[in-house]
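# Descriptive structure summary
Spelled out, the chains give:
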Amino acid sequence: MNHYKIAVIPGDGTGTEVVNEGLKVLKAVSQKCGFKYETVTYDFGGERYLRTKEVLPESAINELRTFDAIYLGAIGHPDVKPGILEKGILLKLRFDLDQYINLRPVQLYDERFCPLKNKKPEHINFTVVRENSEGLYKGLGEFKNKGTPNEVALQISHNTRKGVERCIRYAFEHTREYGRKKMLTLCGKTNVLTYAWDLWERTYYEVAKEYPEIKTDYAHVDATTMWFVKNPEWFDVIVTDNMFGDIITDLGAMIQGGMGVAAGGNINPEGVSMFEPIGGSAPKYTGKNVINPLAAICALAMLLKEIGEKEAGIAIEESVKKVIKTKLEDMAAGKMGYSTSEVGDLVVHHL
Ligand code: IPM
Ligand code: MN
């Protein structure tokens, strides 16, 4: 029987509540599918930082390397200056564990969730492969003449051939295995950002030669946002850089039914990957048992598929679909109609 070690970082705000529902589902699905697991919980986040001034202890990264996967709730605390926790925990984990892919499926489960007119689940079903280790997120830049009228702030997008190529290659592989239309769209800005996107475009078409069965496609990032709204059915798999990927996947989350259902994976195909609901810590709703845990539950499904429990991941997704279809009528009206823990129970029940 397979046995997995999963690190759990509930993080801030509603992170704990949604992760708890995910763990409830994990317990049930492990019994159904016959695998064993142990979890170790880490308290990294705003509360710990405010108490100890420590964001992420040095030893943590190496410890986390020994797990099969990491399950993350949310990072971000209203009493901590923006950037400290995000850079110190979330981005540090992504970078240090070299999780160079951010995989974000955009799938509409039920038409009632969609803010777009006449768009059904068959119209909104694509995946964004976001580069997750470079670009503007590298944090390169400087101030010149800071605080003077002649101040200049430079923020550099750092793209390496190796970094771009491994991301594009992953995207082609993903398209080959899972793409509905076997089409990979490169989303960039070749008409203005002529250094970064020249490298991306050249690399994309070079790698494409190794995948003759995959249709190539290119869209500027601004046009991509337009098409997400106008004809999302065009897309199959999209590959893009870190910054554009961040932006378009928030729009993706909205057209698939909101942050409450959007999940993502920070993937190192050769190492330890980390899965999270892509919404934030929602301090306003913390402790109220009202936040939608489906995104966290879907992140768990992605985690299980990645570590080799495909069947368990699919079982969870099917259960989520059933819960949405049969129970959550009120969700369409913008409210869940059930508490956080009730939704978790419903997913367990339908497994
Ligand atoms: C995301 C988030 C993060 C990002 C923030 C919290 C640093 O917006 O996962 O999309 O920008 O990558
Ligand atoms: Mn984001």
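Reference entry: report on the structure contained in this document. Since the model is a prediction, treat every value here as computed from it, not as a measurement.

### Describing the site of ligand 1
Around ligand 1, the structure places E86, L90, R94, R104, R130, Y137 and D246. In the model, an oxygen atom of ligand 1 is placed 2.8 Å from a nitrogen or oxygen of the R104 side chain. Within the contact set of ligand 1, an oxygen atom lies 2.8 Å away from a side-chain nitrogen or oxygen of R130. For ligand 1, whose accessible area on its own is 320 Å², the fraction buried by protein is 76%.

### Re helix α4 (residues 84-96)
The sharpest bend along α4 reaches about 25° and sits at L90. Among the residues of α4, those classed as buried are L85, G88, I89, L90, L91, L93 and R94. Backbone geometry just downstream of α4 places D98 in the positive-phi region, at approximately 50°.

### Describing the packing of aromatic side chains
Per the counting criterion, the structure on display carries 12 aromatic pairs. Taken together, a centroid distance of 6.5 Å and an interplanar angle of 55° make the contact between F35 and Y37 tilted. The class of F35 is buried, set by a relative accessible area of 4%. When the ring of F228 is compared with that of F235, the centres are 5.4 Å apart and the planes differ by 80°; the resulting orientation is edge-to-face. Taken as a pair, F228 and F235 share a single burial class, namely buried. One aromatic cluster is present, formed by F172, Y204, Y205 and Y211 through successive ring pairs. Above the ring of Y137, the side-chain terminus of R130 is found at 5.1 Å from the ring centroid. Over the aromatic face of W234 sits the side chain of K181, whose NZ or CZ is 4.7 Å from the ring centroid.

### Quick look at unusual backbone geometry
Even without glycine at this site, K53 takes up a positive phi of about 65°. Positionally, K53 belongs in the loop between α2 (46-52) and α3 (58-64). Its identity is not glycine, yet N289 carries a phi of approximately 60°, on the positive side. Assignment of secondary structure puts N289 in the loop between β12 (273-277) and α9 (294-307). In this structure N289 comes out as partly exposed when scored by relative accessible area, which is 30%.

Calculation criteria
The residue count restarts for each chain, going from 1 along the sequence in the order it is written. Ligands are numbered from 1 and chains lettered from A, in the order in which they are written. pLDDT decides what is reported in this predicted model: residues at 70 or higher carry local features, side-chain atom pairs at 80 or more are listed and counted, and totals for whole chains, interfaces and linings draw on all residues regardless. Each side-chain value is worked out from all heavy atoms of the structure, with water and hydrogens disregarded. Near, as used in this document, describes a residue that has one of its heavy atoms within 4 Å of the molecule or strand being considered. Residues adjacent in sequence count toward polar contacts only when both atoms are side-chain atoms; beyond that, a polar contact is any pair of N or O atoms within 3.5 Å, and within protein one must be able to donate a hydrogen and the other to accept it. Note that accessible areas follow from Shrake-Rupley with a 1.4 Å probe, and for residues the cover is restricted to the protein chains shown. By definition, a residue's bend is the angle between the axes fitted to the seven residues ending there and the seven starting there. Strands are runs of DSSP state E lasting at least two residues, helices are runs of H or I lasting at least four, and both sets are numbered from the N terminus onward. Residue exposure (1.4 Å probe, protein chains only): buried if accessible area is under 20% of the type maximum, exposed if over 50%, otherwise partly exposed. Side-chain rings of Phe, Tyr and Trp (the six-membered ring for Trp) are treated as a pair once their centres are within 6.5 Å; stacked means planes under 30 degrees apart, edge-to-face means over 60, and tilted covers the remaining angles. Our definition puts a charge over a ring when NZ of Lys or CZ of Arg is within 6 Å of the ring centre and also within 35 degrees of the ring normal.

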